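Remarks on the overall topology
In case you want the letters, here they are:
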Amino acid sequence: MKRKPRVLFAAFEAEPFMKTGGLGDVAGSLPKALKSQGYEIRLIMPKFGAIPDKYKARMKHVCDFTLDLGWRHQYCGIETLKTQGVTCYFVDNEYYFNRDKAYGYLDDGERIAFFAKAIMDCIPHIPDFSPDIIHCNDWHTALTPVYLKSKYCPEELHGVKTIFTVHNLKFQGVYSKWCVGDLLGFSEDEAGYLGLLEGDSVNYMRGAICMSDRITTVSKTYANEICGQFFGEGLDYIFNNRRDVLSGILNGIDTKRYTPQADANLYKKFTDDYFESKRANKEAFQTEMGLEVNADKPLMVIISRLTEQKGLDLVLWILGELMSQDVQLAVLGVGDKKYEDSLSSMAGFMPDKVSVSLTFSEPLSHKFYAAADMILVPSLFEPCGLTQMIAMRYGTLPVVRETGGLKDSVIPYNKYTGEGNGFTFANYNAHELLFILKDAINLYYNEPDAWKKLVENAISTDFSWDSSAEQYSALYKELL
Ligand code: ADP
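As a starting point, this report considers the structure included with it.

1. Quick word on unusual backbone geometry
Note the cis peptide between Glu15 and Pro16, where omega equals 0°. Take Pro16: it is sitting in the loop between strand 1 (6–10) and helix 1 (22–35). With a phi angle near 65°, Asp138 is a residue other than glycine that sits in the positive phi range. Note on placement: Asp138 falls in the loop between strand 6 (133–137) and helix 5 (143–148). A positive phi is found at Glu233, a non-glycine position, where the angle reads about 50°. Within the secondary structure, Glu233 sits in the loop between helix 10 (229–232) and helix 11 (236–241).

Written as structure tokens, this is what we have:
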């Protein structure tokens, strides 16, 4: 019998082991979907100190070896466990990964170079698995396709194909040129040939874009956007050069995980009556957050990293005017201090209308999705965005800016036909956001039937991985 094609899916974070954002969602759910497309797919990620003990206790040692990185000779262990049918490998090095957070350390450049090299170096040591394709995700794995095209590539891996998926071009891994030799172990000429150099810097992501066999990003619109100067973050000319191998595939979500009828995180699991279920959850939420308890009031939420990318400047610009309407706003997020402080001070002024939770909490986020009527995602740019999709599963209407995956997943309300599953605006302009929010609030109060229809459209939109996994599968087939 012909053996199944083998894929190693590499990511720095993956649910349920570690999640800081959308990449964790995708790496936790896409491999499962690809497995059902007939691939022998395995996941590889770091063994973080913060992975819950219940998973660590189940891990088994596969192999260990010494990994060379520049002049360093470091221990590298590989542990494994199987979850939901997918075999997962964990790269073990206590010095680099036994830390509370995934990112945000001074030596991230080194930790991430170690991880990317480990993805390649571990393969000859794993007894029963040798991939045909390595699917890398974001800058944390960007050096893997580079090493595979370099003198360091083990003979066993010659001919292995690579796909590199860009989840967010804002983060590229740019470091001073000293690390070419000292850390990565290349001469300057080699680094240049491998696409790593950009002026006086080393750029990990640039290397992957030059060296990978295929490049994908997480929506069709973002794939076009990054070929232009504004969204291209300095790499647009390289994307243009490689346009023939660049494509956009919209992310899906783990629909099982986000099923309100089976969601144990909610105050009350949904019944098939979404509207009554939402009212019950909203009242419990308002009580917990100290908002006025009134299920008739429209509740808007933001569930997001609090950074410039997410359009927080627009929200802050109109916040006073927006909150003069009869609405409530609840924010869940962590990020830049200026946004945290401004939002918190608004919550201080109007505690019965605005609540701010400055934390990262998966269970709490589910309560937000379930209680809300609207979710605001007015991003400056958004490669895909998952919160608008998750929200719709809970009957919560998205209000988004037409960029990247937001444009590809939210169909704007059409007042003449009643079509749509949310509200959209085009320009990065605070008053455009305010106008669309006023329209939405007006619809909520004055046209309940039209609102109800929109919610029903949102609930029935298909955000499962089925169609996207087929597109990845087609790409894998092309490569093989
Ligand atoms: P990002 O650019 O951060 O990856 P996405 O929209 O792609 O944005 O994905 C964000 C993911 O992180 C979603 O699953 C969302 O629910 C979750 N998330 C964001 N902020 C928080 C938070 N403060 N607490 C819990 N989950 C959060």
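2. Here's the deal with helix 15 (residues 362–371)
Among the 10 residues of helix 15, nine are classified as buried, and the element is accordingly described as predominantly covered. When we look at burial in helix 15, the residues that qualify are Glu362, Leu364, Ser365, His366, Lys367, Phe368, Tyr369, Ala370 and Ala371. As for helix 15, its buried residues are in contact with helix 12 (274–289), strand 13 (299–306), strand 14 (328–335), strand 15 (354–357), strand 16 (374–377) and helix 16 (387–393). Looking at where helix 15 begins, the residue whose side-chain oxygen comes 3.1 Å from the main-chain nitrogen of Leu364 is Ser361.

3. Digging into the site of the ligand
What surrounds the ligand is a group of 21 residues, the closest being Lys19, Gly22, Asp25, Arg305 and Tyr369. Contact distances for the ligand include 2.6 Å between an oxygen atom and a side-chain N or O atom of Asp25. The contact in question runs from a nitrogen atom of the ligand to an N or O atom on the backbone of Ser361, over 3.0 Å. In the complex, the protein chains occlude 92% of the 570 Å² of accessible area that the ligand would expose alone. Every element with two or more residues in the shell around the ligand is listed here: helix 1, strand 13, strand 14, helix 15 and helix 16. Taken together, the residues of the shell around the ligand break down into seven nonpolar, nine polar and five charged.

4. Section: the sheet that holds strand 6
Strand order in the open sheet formed by nine strands is 3-4-5-2-1-6-7-11-12, and the pairing between neighbours is mixed. The open sheet has two free edges, formed respectively by strand 3 (60–69) and strand 12 (246–248), since each of these has just one partner strand. On average, each strand axis in the sheet is inclined to that of its neighbour by 25°, with strand direction left out of account. Relative to strand 12, strand 11 (residues 214–217) runs parallel, the two sharing three bridges. Counterpart to Thr216 in the pairing with strand 12 is Ser247. Together, strand 1, strand 2 (40–46), strand 5 (86–92) and strand 6 form the strand contacts of helix 1, whose direction differs from that of strand 2 by roughly 160°. Of the strands in this sheet, strand 1, strand 2, strand 6, strand 7 (161–166), strand 11 and strand 12 touch helix 20 (residues 466–479), which is tilted by about 150° from strand 7.

5. A word on the pairing of strand 16
Across the two faces of strand 16 the burial is the same, with Met374 and Leu376 and Ile375 and Val377 all buried. Two elements, strand 13 and strand 16, share two bridges in a ladder whose sense is parallel. Across the sheet, Met300 pairs through a bridge with Met374, a residue of strand 16. In this fold, strand 16 hands off to helix 16, which returns the chain to strand 17 (residues 397–401); that crossover is right-handed.

Quick notes on the rules
- Residues numbered from 1 in each chain as written.
- Predicted model: local features only at pLDDT ≥ 70, side-chain atom pairs only at ≥ 80, totals over all residues.
- Heavy atoms only, no water.
- Helix = DSSP H or I, 4+ residues; strand = E, 2+ residues; numbered from the N terminus.
- Buried < 20%, exposed > 50% of the residue type's maximum accessible area, 1.4 Å probe, protein only.
- Contact = heavy atoms within 4.5 Å.
- Polar contact = N/O pair within 3.5 Å; in protein donor to acceptor, adjacent residues only side chain to side chain.
- Near = heavy atom within 4 Å.
- Areas by Shrake-Rupley, 256 points an atom, 1.4 Å probe, with all protein chains shown as cover.
- Nonpolar A, V, L, I, M, F, W, Y, C, P; charged D, E, K, R; others polar.
- Pairing = 2+ DSSP bridges.
- Axes fitted to C-alpha atoms, helices over the stretch in contact; angles between N-to-C directions.
- Right-handed = clockwise from strand over helix to strand, strands pointing away.

In short, the description is geometric, and any link to function would need to be established separately.
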